[in-house]
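# Commentary on secondary and tertiary structure
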Amino acid sequence: MSQPTLKATVLISGTGSNLKALIDAVESGELDLDIMRVISNRAKAPGLQHASNAGIAVSVISHKDYPDRESHDAAVAQYLESDRPCLIVLAGYMRILSETFAKRYSDRMINLHPSLLPLHKGLDTYNRALQAGDRETGASIHFVTAGLDSGPVISQIRIPVFDDDNAESLSARLGPLEHKLVVATVKLFSQKKITLRAGTVYLEGKALEKPLLLKDDGTFSATA
Ligand code: GRF
């Protein structure tokens, strides 16, 4: 029997290229996902156009209209409570979350981060990977907890760092791969294969000891 289509809300702040990758995958039939709404904390986020073009409901909830983090998060939560998505994707959502919000959705909220977590949490990840002399870098998708870019890591993609790399070249190489990672990972959710229990990620009922690694052929393996 086929699974019912997974309902999702995507939160963005900027370009929305990962949102676009999800929309494209849905439109091509690669991904069975109902993106119910896109929420942005910035009215001018270019990514909102991708949502509008695809006929997805858009809500702008500017953090500037709220006195503090808690009240802004509560306004976002109002939409989540009425839509009741099974998956919340933070796709370039540049906000630190209040503990209340993070805890409330901790079993169904994921974040994309352009580093091999737990390395380089926070901003400017490419330059920090270069400064640290890392020989490889990548992107991670993790369940969200109250700590910045913390929470159990579900999946990763890795790329080598070359001697002549800079932040721009790393970003250019990693960007398209991060799009593949988000589509492939959300697909696992749409197939109901991923769950989180007591801080451990399970794939088809089996505890993940390491993040899933997305290979060139588009399939996952456990990381070495
Ligand atoms: C991505 O690199 C993601 O890892 C980070 O923010 C960026 C968002 O890019 N959290 P976009 O808005 O999806 O183009």
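The structure presented is a predicted model; accordingly, all values stated were derived computationally and were not measured. (Residues numbered from 1 in each chain as written. Predicted model: local features only at pLDDT ≥ 70, side-chain atom pairs only at ≥ 80, totals over all residues. Heavy atoms only, no water.)

A tally of helices and strands in the protein chain yields 6 helices and 12 strands. Here the C-alpha radius of gyration of the protein chain, 17 Å, is about what a compact globule of 224 residues would show, namely 17 Å. Over its C-alpha atoms, taken along the principal directions, the protein chain stretches across nearly 45 × 45 × 35 Å. Split into buried and exposed, the 224 residues of the protein chain put 47% on the buried side. The contacts in the protein chain between residues at least 6 apart in sequence include a share of 61% that link residues at least 24 apart. (Helix = DSSP H or I, 4+ residues; strand = E, 2+ residues; numbered from the N terminus. Rg over C-alpha atoms; globule rule 2.2 N^0.38 Å. Buried < 20%, exposed > 50% of the residue type's maximum accessible area, 1.4 Å probe, protein only. Contact = heavy atoms within 4.5 Å.)

Let's shift gears to the site of the ligand. Within the structure, the ligand sits among Thr-15, Gly-16, Ser-17, Asn-18, Gly-92, Leu-112, His-113, Pro-114 and Glu-178. Between the ligand and the protein, one listed contact pairs an oxygen atom with a backbone N or O atom of Gly-16 at 2.8 Å. For the ligand, whose unbound accessible area comes to 370 Å², protein coverage reaches 81%. Split into classes, the residues belonging to the shell around the ligand amount to 2 nonpolar, 6 polar and 1 charged. (Near = heavy atom within 4 Å. Polar contact = N/O pair within 3.5 Å; in protein donor to acceptor, adjacent residues only side chain to side chain. Areas by Shrake-Rupley, 256 points an atom, 1.4 Å probe, with all protein chains shown as cover. Nonpolar A, V, L, I, M, F, W, Y, C, P; charged D, E, K, R; others polar.)

What follows concerns helix α6 (residues 167-190). Taking 1.5 Å of rise per residue, the 24 residues of α6 would be expected to cover 34 Å, and the 33 Å separating its terminal C-alpha atoms lies within 8% of that figure. The backbone nitrogen of Glu-168 lies 3.1 Å from a side-chain oxygen of the residue at the head of α6, namely Asn-166. One or two steps after α6, the chain reaches Lys-192, where phi turns positive at roughly 60 degrees. (Expected span 1.5 Å × (residues − 1).)

What follows covers the nonpolar core. Counting residues in hydrophobic clusters, the biggest one holds 45 residues, and the most contacted among them are Val-10, Leu-22, Val-38, Val-89, Ile-110 and Val-186. If one sorts the elements of this core by residue count, α6 sits on top with 10 residues. Setting aside residues up to four positions removed in sequence, Leu-22 forms contacts with Val-10, Leu-31, Ile-35, Val-89, Val-182, Val-183 and Val-186. (Core = buried A, V, L, I, M, F, W, Y, C linked by side-chain atoms within 4.5 Å.)

Our focus in this paragraph is the environment of Asp-217. Following the sequence through the fold, Asp-217 ends up in the loop between β11 (212-214) and β12 (220-222). Separated by 97 residues in the primary sequence, Asp-217 and His-120 have C-alpha atoms spaced 27 Å apart. Here the side chain of Asp-217 touches Thr-219 through a polar contact of 2.6 Å, side chain to side chain.

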